[in-house]
Amino acid sequence: MTEANNPAALKAENELLRQELRVAREAADITAELVVKQFEETEKMLQRVLAANASKGDFLARMSHEIRTPMNGIIGMSHLLQKTSLNPRQHSYVEKLLGSARNLLKLINDILDFSKIDAGKLDLEKIPFDLDEVLNGLNNVIGLQADEKGLELLFKIAPEVPGKLVGDALRLGQVLLNLTSNAIKFTEEGEVVISIELEERQRHDTKLRFSVSDSGIGLPPERIEHLFEAFNQADDTTTRKHGGTGLGLAICKELVEMMGGHIWAESDEGKGSEFIFTASFGLNLENGDTNTVTSSQLLGIKALVVDDNASVREVLTSMLTSFKIETDCVDSGTQALSQLRQAVERKAPYDLVLLDWMMPGINGIETARRIKQDRSIAEIPAMLMVTGNNREDIRIEAKDAGLNAFLLKPVYASVMYDTITELLGKASTMKNPAHSSSLDGAKRIEGLKGVKVLLVEDNPINQEVAVEFLNDVGIEVEVAGNGREGVEAALTKPFDLILMDVQMPEMDGLEATQIIRQQIDARTLPIVAMTAHAMKKDQEKSLKAGMNDHLSKPVDPADLYRIILHHIPKQKRNLNSEARFRDSAGKKQTIERCKLNLPPIPGIDYDEALRRTGYKSELVVKLLQDFKTNFAATAAELTHCKTSDNRSGLQEILHTLKGVTGYIGACDLNRTTIHLEESLRAENHKQSDALLKQLCQQLDRLLADLATLPTKPATATEIERETSSETLAHNTTAAITELKYLLPKLSRGEHISSNTIKRLKKLTQSTPIVDTVDKVIALIEDIEYESAATKLTQLLDELQHTQEQGK
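Since we're looking at a predicted model, the values are computed, not measured.

(A) Spotlight on the sheet that holds strand β14 (residues 452–456). On the basis of which strands lie adjacent, the open sheet formed by five strands has the order β15-β14-β16-β17-β18 and parallel pairing. Each edge of the open sheet is held by one strand with a lone partner, namely β15 (476–480) and β18 (549–552). Put simply, the sheet's adjacent strands are angled 20° from each other on average, direction ignored. Packing of helix α13 (residues 483–492) onto the sheet brings it into contact with β14, β15 and β16 (497–500), and relative to β14 it is tilted by some 160°. Helix α16 (residues 557–567) rests against β16, β17 (527–531) and β18 of the sheet, and its axis sits at about 170° to β18.

Right, here's the structure in full:
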């Protein structure tokens, strides 16, 4: 320290301190600047990461449809290919193709779902749904897999579980499907049981406990701890045989937590596993509850369950007991006969017998036959078969043996209750028409006779199809040709429901609905959109306008009836009425008969047309005749709209064409229409121009072929006479036209549909070019498109040369 009496030294020290302070300040400023700069860089980086994450989510949302669509096409075409004539080797190839395609689609779905959850892009819906329908959908998807492995698939639903819920049925089904698929995958013999219990119930919501248990290989404790982590697999050895992405359980965990529950697993290695989760739902109190039995209609009824599987006996006994039915069980047909005789001797006979089909010793059908032959017990009021086998010959044999009804496992409580009350002549309080079952193979549609429906639709073909479907089940229909007429009818006449097209002249369906809703609310008069617009945003527009539901054209009759039953309150139905429509039994026979009575038309798939119209050959012919008349000028109208830049007119024509071509089975034309609509929406002008040209060519070709269509289906005798040289010449000409259309697609390496191949085989049968075309088809089936194009070019050149020489 400088002495205080030395001014020079003090001055020097003061200057030094000033310099140090200046240096410190400059350093602090630089540090602060660096900190601020680093913060700004970090902020920019964070924004880039957030933007990239958002872009990833948006990209995945867009790509989801783009990836799934071709995969669904591959799977669909493979299914169609299976229906064609294949030798054993080809059949094996298709089976392997289908298996690989399904595995790839599952992988794609898992990755997309996991990415959407990770990006926070997945939202759960809150809409009313029926728990039985979720379980029925699960059984439709997974039941065949269980059956192929010889496993018993059981549903054990506690009687107090509510059936009418509010939540996301799709995601609940996804969790159950994943857990059940895993259970079947890891189980070689025994059973898989899906159980649902009531965890808690409040006034407006409920929590349910779901479990999926199996008798499979089980898991060691150290594996269970990490099961629900992403990319973790139950079998992670290099030699593993079960496959999988390791994402399924991680997705289940996220979905369950989004549904307000949690998921866990319990397992005993070598003995099986149980996966349990809870989930919360709202209660749909408006429509009541069809699953909860409160009636005492069956009090005092005695039933005997006959099944060799202990778990099945337990499930059925629990179900019947919840109906207040006194229930006993035996495990064989021989024991059943003994038990029935003893009950008669005690003067306490059984009122009902439930029989399994496949049992050791004597099967269920033989047991029923012996019951009927034994006079002492033959007067059993009702016998029903509960089996997992839906073979038609078993149904017929069961009916001949004296069985009264036929229920497919897994059986839901509502279906069982309705069947028993009907068989015993009781009044059912749990009508569930969508799942009723009978031995004649037809589905019953109960309570729709006399229901009044307003159909608002401008297209005559769509009108005709819808009216036919509705009349089939006794519904009274009034037709309005546009939205304005629909509004006038709805506001002046009483209707139970309105089926509303969206795109119509004068006034569209959205505007018409908004006007109706100003005077009539959605609960009083349900309005269902029935339109070719099938995208989610179109459905949202319909609901926002005041509609209750949405049906996509072409309409499937089963979907139509399901929607109407859902929206017509029970008090408005005539529950004593019943109509039947054939769902599956006899379809193939009907199709083949109808196909024989219609000449082949390139571009028309009769199988599809018949399916879409409820297997009515006369309606198919009429729709084709109407199409020929109503769409004769459509190609010219489309071209005019395009050249005059009339975008709305073009979209309106395409919208109508898309729905109608679905009904008549014009699959290629329908696909081109859909692609053109998508291309216009994306404003891809070059692709739109090419697709419009292709569409007009397909339409002109189809109309030309339809000109040869008879005004009524030909008889079998008339078809036999069509072996003349004139018919062969016509078929040859039509085949050549089809081959010319096929050549550029082959040259571009595009996929050739099985429908196109089937048409070519039909057209060239007994013609001079059949052998060469068969060789082309064989190359196509081997995916040798280049060789097929070369062979086809040679054939067309030869035909051209022959034609020139003939001139």
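Alright, that's what it looks like, and here's the rest.
(B) Examining the nonpolar core more closely. F277, M416 and I420 are the most contacted members of the largest nonpolar core, which has 69 residues in total. If we ignore the near neighbours within four places in the chain, the residues touching I420 are L298, L320, F323, I325, L352 and L384. Ranked by size, the runner-up nonpolar core spans 56 residues in total, among them L499, L551, L560 and C696.

(C) View of the sheet that holds strand β11 (residues 382–387). In spatial order, the strands read β9-β8-β10-β11-β12; together these five strands make up an open sheet with parallel pairing. One side of each edge strand has no neighbouring strand; the edge strands of this open sheet are β9 (326–330) and β12 (405–408). With direction set aside, neighbouring strand axes in the sheet form an average angle of 20°. Across four bridges, strand β10 (residues 352–355) lies against β11 in parallel orientation.

(D) A look at the packing of helix α3 (residues 131–148) against helix α4 (residues 169–185). Interaxial distance between α3 and α4 falls to 10 Å at its minimum, and their mutual angle equals 30°. Judged on the interaxial angle alone, α4 and α3 are roughly parallel. Taken as a pair, α3 and α4 cross one another with a handedness that is right-handed. Residue-level contacts link L131, V134, L135, L138, V141, I142, Q145 and A146 of α3 to A169, L172, G173, L176, L177, T180, S181 and I184 of α4. In the contact of α3 with α4, the residues fall into 12 nonpolar, four polar and no charged.

(E) Region of the structure containing the pattern of salt bridges. A complete count under the given rule lists 14 salt bridges for this structure. Ionic pairing is found between K164 and D130, a salt bridge with its closest N-O pair at 3.0 Å. Pair noted here: K164 is in strand β3 (residues 164–167) and D130 is in strand β1 (residues 127–130), with a separation of 34 residues, a long-range link. Judged by relative accessible area, D130 falls into the buried class, the value being 8%. The partner of K149 in a salt bridge is E188, and the shortest N-O contact between them spans 3.5 Å. Here K149, found in the loop between α3 and β2 (152–157), pairs with E188, found in the loop between α4 and β4 (191–201); they are 39 residues apart in sequence, far enough to count as distant. Judged by its relative accessible area of 28%, K149 is partly exposed. Its relative accessible area of 45% is what places E188 among the partly exposed residues. Taken together, the salt bridges that share partners define one network made up of E366, R369 and R370.

Rules and cut-offs
- Residues numbered from 1 in each chain as written.
- Predicted model: local features only at pLDDT ≥ 70, side-chain atom pairs only at ≥ 80, totals over all residues.
- Heavy atoms only, no water.
- Pairing = 2+ DSSP bridges.
- Helix = DSSP H or I, 4+ residues; strand = E, 2+ residues; numbered from the N terminus.
- Axes fitted to C-alpha atoms, helices over the stretch in contact; angles between N-to-C directions.
- Contact = heavy atoms within 4.5 Å.
- Core = buried A, V, L, I, M, F, W, Y, C linked by side-chain atoms within 4.5 Å.
- Buried < 20%, exposed > 50% of the residue type's maximum accessible area, 1.4 Å probe, protein only.
- Parallel < 35°, antiparallel > 145°, perpendicular 65-115°, else oblique.
- Left-handed = near helix turned anticlockwise from the far one by under 90°.
- Nonpolar A, V, L, I, M, F, W, Y, C, P; charged D, E, K, R; others polar.
- Salt bridge = Lys/Arg side-chain N within 4 Å of Asp/Glu carboxyl O.

This is a description of form; function is not addressed.
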